[in-house]
Amino acid sequence: MTKFYYRPLVQTGQKRPPDAVSLAGGPCWFTQVEVLQRAQEPYFVEAARLPADVLMRLEDARAPIAGIGLETPRLMGILNVTPDSFSDGGRFNGAAMALQHAQAMASSGADIIDIGGESTRPGAHEVPRDAEIARTTPVIKAVRSVLETPISIDTRKAEVAKAACDAGATMVNDVSGFTFDTGLAPFCAARDLPVFVMHSQGGPETMQDNPSYEDVVFDVYDFLEGRIQNLMEAGLPRERIVVDPGIGFGKKIEHNLALLANLSVFHSLGCAILLGISRKGFIHKIGGAEEPDARMPGSIAVGLAGVAQGVQLLRVHDVAETKQALKLWLAAIRGDC
């Protein structure tokens, strides 16, 4: 059976033609869609000619996540409490230093604080559950004691998620797409938690060992579609699921760029989209910034390219700078501030 994929040709601006369709209730819109198939030439159709269920998924406003409306782009601030993360490993170990950084991100405009205790950089090894809990739980308690900003626990493990949520986290971000621990999805469903489901080809230890795809856009789409179905069967409604194409996780530079060029196809899944590109290695390869701390300009550029395709959430290290860029981008497309 032929499977079709639908990529809206996303536009911005306040002046819209009469046949414009709002994209997922956000600031972007479209009038035409590229229809894609495996091993076939694409073609274009007017939005009004789409199947009703496809148009509904593209058009319907995405539900708030943990009370955060998605009618405008939002920021997830990264707080790694690990000794070996690729960009900021060891900088925020300990509750006091981590809390200070969380407060700085919240005051700069972070809508979510994403706290992780296991590095998922290429080549990283699995951290024992007890160690991961010991790293993250005190930090979550400290952050929750002074901030109302929603907290996400960045983990693949149900035990870690349970300890984190008992400490004050209210959502789960799993880089394995809920494939690592079969107990994690039922736990999230039982707690009524929003979840972020990411694509990765392989685990951190081996994911960059010559990854390959038949077609990376279709393959990642099919994976996420399957994970959404599995999560829904576990009791999680679609409106609490956010998808992430997993830039840099089991992908070569050409895979990353293909996904970035076709991000709008993932709106057809009917979920909000999280894009994590902050300080990734491909920014170094294209932009020439060798040290992760020097990749902020490139990170913002790619993040805005994602927002221009309707992405609702950006996962970032540089919150203040990205927030400023978003404000200017929105002002420019709206013609006012």
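Quick note: structure is the one above.
Each value, and the rule that gives it
Residues numbered from 1 in each chain as written. Predicted model: local features only at pLDDT ≥ 70, side-chain atom pairs only at ≥ 80, totals over all residues. Heavy atoms only, no water. Helix = DSSP H or I, 4+ residues; strand = E, 2+ residues; numbered from the N terminus. Polar contact = N/O pair within 3.5 Å; in protein donor to acceptor, adjacent residues only side chain to side chain. Contact = heavy atoms within 4.5 Å. Core = buried A, V, L, I, M, F, W, Y, C linked by side-chain atoms within 4.5 Å. Buried < 20%, exposed > 50% of the residue type's maximum accessible area, 1.4 Å probe, protein only. Axes fitted to C-alpha atoms, helices over the stretch in contact; angles between N-to-C directions. Parallel < 35°, antiparallel > 145°, perpendicular 65-115°, else oblique. Left-handed = near helix turned anticlockwise from the far one by under 90°. Pairing = 2+ DSSP bridges.

I keep staring at the side chain of Ser299 and nothing clicks. Help me out?
Along the polypeptide, Ser299 turns up in helix H9 (residues 296–307). Polar side-chain contacts of Ser299 include one of 2.8 Å to the backbone oxygen of Arg295. Residues in contact with Ser299, not counting those within four places in the same chain, are Ile277, Ser278, Arg279 and Ile283.

Looking at this structure, how should I read the nonpolar core?
One recurring pattern in soluble globular proteins: nonpolar side chains tend to sit buried together. Grouped together as the largest cluster of nonpolar side chains are 85 residues, with contacts concentrated most on Ile115, Phe178, Cys188 and Phe266. It is helix H6 (residues 216–233) that contributes the most residues to this core, 8 residues altogether. Among all residues touching Ile115, those that are not within four sequence positions of it are Leu79, Val81, Thr136, Val139, Ile140, Val143, Ile151, Ser152, Ile153 and Asp154. Formed by 11 residues, the second largest nonpolar core is a distinct cluster that contains Met76, Ile112, Phe196 and Ala272.

Would you take a moment to explain the packing of helix H4 (residues 158–167) against helix H5 (residues 184–191) for this structure?
Two quantities define a packed helix pair, namely the angle between the helix axes and the distance between the axes. Two elements in contact, H4 and H5, have axes separated by 9 Å at closest approach and are oriented at 25°. Judged by the inter-axis angle, H4 sits roughly parallel to H5. For the crossing formed where H4 meets H5, the hand is right-handed. The residues of H5 that touch H4, namely those facing Ala158, Ala161, Lys162, Cys165 and Asp166, are Leu184, Phe187 and Arg191.

Explain the sheet that holds strand E12 (residues 272–276) to me, please; I cannot follow it from the model alone.
Backbone-to-backbone hydrogen bonds pair the strands of a sheet. The strands run either parallel or antiparallel. Overall, parallel pairing links the 8 strands, which are arranged E6-E7-E8-E9-E10-E11-E12-E13 in a closed barrel. Here the average twist between neighbouring strands, direction ignored, is 25°. As paired strands, strand E7 (residues 112–116) and strand E8 (residues 151–154) are joined by 4 bridges and run parallel to one another. If you follow Ile113 over to E8, its bridge partner there is Ile151. The strands touched by helix H3 (residues 129–146) are strand E6 (74–80), E7 and E8; relative to E8, the strand with the most contacts, the crossing angle is about 175°.

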